[in-house]
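The lines below spell out each chain.
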Amino acid sequence: MIDKDTIHTGVPMFLDFMSEVEGLLHAALGSCGYKVEQGVNNLGLDVSPHADLASSVAFRLAPLLKKSPVAIAREIHQALTKNYNYVDRVELSGPYLNFFMSQKFLDTVLQQALADNAWTGRMNEKVIVEHTSANPDGPLHVGHIRNSVIGDTLVRILRRAGCTVDAEYYVNDMGRQEAMVVVGLDHFQLDGSKADHAVAKVYIAANRLMETNPEIRTEADSVISRYEAGDEEIVAKVQSAIKYAIGGIEETLHRMNIRHDSYHWESEFVRKGDVAEILGQLEKTGLTEYDEGAFQLDLTAHGFEKKMVLKRANGTSLYITRDLAYHRWKSENSDRSVDILGADHKLVSGQLRTALRLLGVREPEVVIFEFVSLPTGSMSTRKGKFISADELLDEVEKQAYEEVRLRRPEENEAFLKEVAAQVATGAVRYDVVKVSPDKATTFDWKQALDFEKLSAPFIQYSHARACSILRKGEALGEDALAIQADLLTGDNEISLLKKIAQFDLVIDRAARELKPHQLATYARELAESFNHFYRYSPVLDAEPTLRQARMALARAAKNALRATLDTLGIVALETM
RNA sequence: GGGCGCGUGGCCUAGUCAGGAUAAGGCGGCAGCCUCCUAAGCUGUAGAUCGGGGGUUCGAAUCCCCCCGCGCCCGCCA
């Protein structure tokens, strides 16, 4: 049986094993009279094919002690106390120290995984994540959704880690793009298509008209200054256009299981006087000057070649200035603030952070993702050159529908549609999140429509198969809650349990480092691990006691898959 | 020209921050597995001098320098 005091719902699993290993190693090093340098992972700990946790600390000590790593590892190994709880044994393998999990640890993992709320971590910071924030001048395209998916996945990871997260959309209502939409609406009609698409058509037409009619630019300038001055007629026009476009954008986001908790409009910070206040504070740094009538900040001492313009010669404010005010607000209302930005914002976000430092405001953590381009080149809303998120989702859903229909011909239309929609959302999200944000990508229809192993349906399918076993088992009277982890002796059973145990480690890292693609990799490994169990350890046909234990493992795996999929924003279908 | 990022089998990617024990997957190719809990699955096989060159190290895909290629940026746009 398991000691009651080791069971605490909602407490990490692998992290507990790891801290025990760290404790053991530090104690052993101490009794040998050795010290390791300060730094992350100074014990050289890593998950390894050779052990549940391996340490290469002997290598790190070798040059300092002028002894062979093998000899050092042997000394440390002999100095280890045998006071193990979650550790079963430590094997010496040349210069490596290999730590293995105890049966008690595996029992705990299984028990935790069966609890309803076993999947929430201990971070309790308040975090603001700003993502998407696309200009309301058209629909989201396949580049924008990289922002939305990375952002929303991080929101979910941080919440899973225990944080309170506010997902924010920063609405650009004061920029030139929006002014062009308003001018466009004076010259062209919305055509009744989906709101954001209709706005895009007007916006594109206005830009095209400007090529032959320079008056359009003057009209846009006038909209900008009248809006900033608070001209009631213009304010009403701008805001209704924006609300209309955002409505369409929201629809697309909801289709991808993405919701924002709050919206902040740029104009808010101008109207409240924050922008003026910040300009005043920056002036006190002595780094500002007027150049050809424009108010500018000189950041050459901070490595920026060009001056940062804070106010136009005509007196209107600029994006960067309003963004300073917004970021000050965010820092005052959170413990961490996170921005998801495209690679084209690298420079300006560096300038922003430097200016914030001058103002004594906590800087945001910035996640930059590289560009998504089309095989024909980069996308542009203004030129009407893009593949919209809606178009992508429609196509993927159509493909998914065909796949479900082939596999489940006996099911009704509603079933096929529901599964197809959830498979499509999952496939799109997974395709985006599985790639590191640092990587520039080229959109590829063939890849987007591929539902095999490196995709969401692979993981959803594993979950559905686990559900199927549980349904059938429960019909036979099994409760799938019996804790008999010691009966799980097969390699595939133990590695599945160990993979389940890693969930908290993956979430913890992804939440600290803001790397959502690590969770995508874990999801694939977990599903793969479950599939091996499924293939080699029959549950329902096993003899009764073993069947109970395997039922419990199937439920634990189901819970872990479900938690992983939820955190990725992918619906865990019970059947597909 | 300068800054930032990327370069891993035919194609796409993980691993790089915190250097370690045979470079991990997918797609595509070839060969297998449905009287067996959903074959969107599983197994086997071929295929990589980790862009090139130098350096640091007992040890480099990983760190440093140079070069090449690709992307993004260098606006009183956002």
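Visitor: Would you explain the overall build of chain A in this entry?
Guide: Scanning chain A for helices and strands turns up 21 helices and 14 strands. Along the first, second and third principal axes, the C-alpha atoms of chain A reach 80 × 70 × 40 Å. In chain A, buried positions account for 54% of the 576 residues. Sequence separation of 24 or more characterises 76% of the internal contacts of chain A that already satisfy a separation of 6 or more. For chain A, the computed accessible surface area is about 25,400 Å², with 49% contributed by carbon and sulfur atoms. Placing the 68 positive and 84 negative side-chain charges of chain A at their respective mean positions leaves the two points 3 Å apart.

Visitor: Just checking my understanding: could you explain the domain arrangement of chain A for this structure?
Guide: When the parts come together, some accessible area is lost, and that loss is often what is quoted as the size of the interface. Split into domains, chain A comes out as domain 1 (4–101), domain 2 (132–373) and domain 3 (389–567). One C-alpha centre belongs to domain 2, the other to domain 3, and the line joining them spans 38 Å. Contacts between the two partners involve 33 residues from domain 2 and, on the opposite side, 33 residues from domain 3. Between domain 2 and domain 3 the total buried area reaches about 2,800 Å² when both faces are included, carbon and sulfur atoms providing 59% of it.

Visitor: Can you help me understand the pattern of salt bridges in this one?
Guide: It is possible for side chains of opposite charge to pair when their charged atoms get near one another. Summed over all chains, the structure comprises 43 salt bridges. Between Asp-339 and Lys-330 there is a salt bridge, with the nearest N and O atoms lying 2.9 Å from each other. Between Asp-566 and Arg-562 there is a salt bridge whose closest N-O contact spans 3.5 Å. Taken together, the residues span about one helical turn, with Asp-566 and Arg-562 both in helix 21 (residues 544–567) at a distance of 4 residues. For Asp-566, a relative accessible area of 27% corresponds to the partly exposed category. Here the salt bridges share partners, and the residues they tie into one network are Lys-194, Asp-196, Arg-255, Asp-390, Asp-394 and Glu-397.

Visitor: How should I be thinking about the packing of helix 14 (residues 389–407) against helix 15 (residues 413–433) in this particular structure?
Guide: Two quantities define a packed helix pair, namely the angle between the axes and the distance from one axis to the other. With their axes 8 Å apart at the nearest point, helix 14 and helix 15 run at an angle of 130 degrees to one another. Viewed along their axes, helix 14 and helix 15 adopt a mutual orientation that is oblique. For the crossing formed where helix 14 meets helix 15, the hand is right-handed. Of helix 15, the residues touching helix 14 (which contributes Leu-392, Leu-393, Val-396, Glu-397, Ala-400, Tyr-401, Val-404 and Arg-405) are Glu-413, Phe-415, Leu-416, Lys-417, Val-419, Ala-420, Ala-421, Val-423, Ala-424, Thr-425, Ala-427 and Val-428.

So, how was this worked out
Residues numbered from 1 in each chain as written. Chains lettered and ligands numbered in written order. Predicted model: local features only at pLDDT ≥ 70, side-chain atom pairs only at ≥ 80, totals over all residues. Heavy atoms only, no water. Helix = DSSP H or I, 4+ residues; strand = E, 2+ residues; numbered from the N terminus. Buried < 20%, exposed > 50% of the residue type's maximum accessible area, 1.4 Å probe, protein only. Contact = heavy atoms within 4.5 Å. Areas by Shrake-Rupley, 256 points an atom, 1.4 Å probe, with all protein chains shown as cover. Lys, Arg positive; Asp, Glu negative; His and termini not counted. Charge placed at Lys NZ, Arg CZ, Asp CG, Glu CD. Domains from an automatic or database assignment. Buried area = accessible area lost by both parts, 1.4 Å probe. Salt bridge = Lys/Arg side-chain N within 4 Å of Asp/Glu carboxyl O. Axes fitted to C-alpha atoms, helices over the stretch in contact; angles between N-to-C directions. Parallel < 35°, antiparallel > 145°, perpendicular 65-115°, else oblique. Left-handed = near helix turned anticlockwise from the far one by under 90°.

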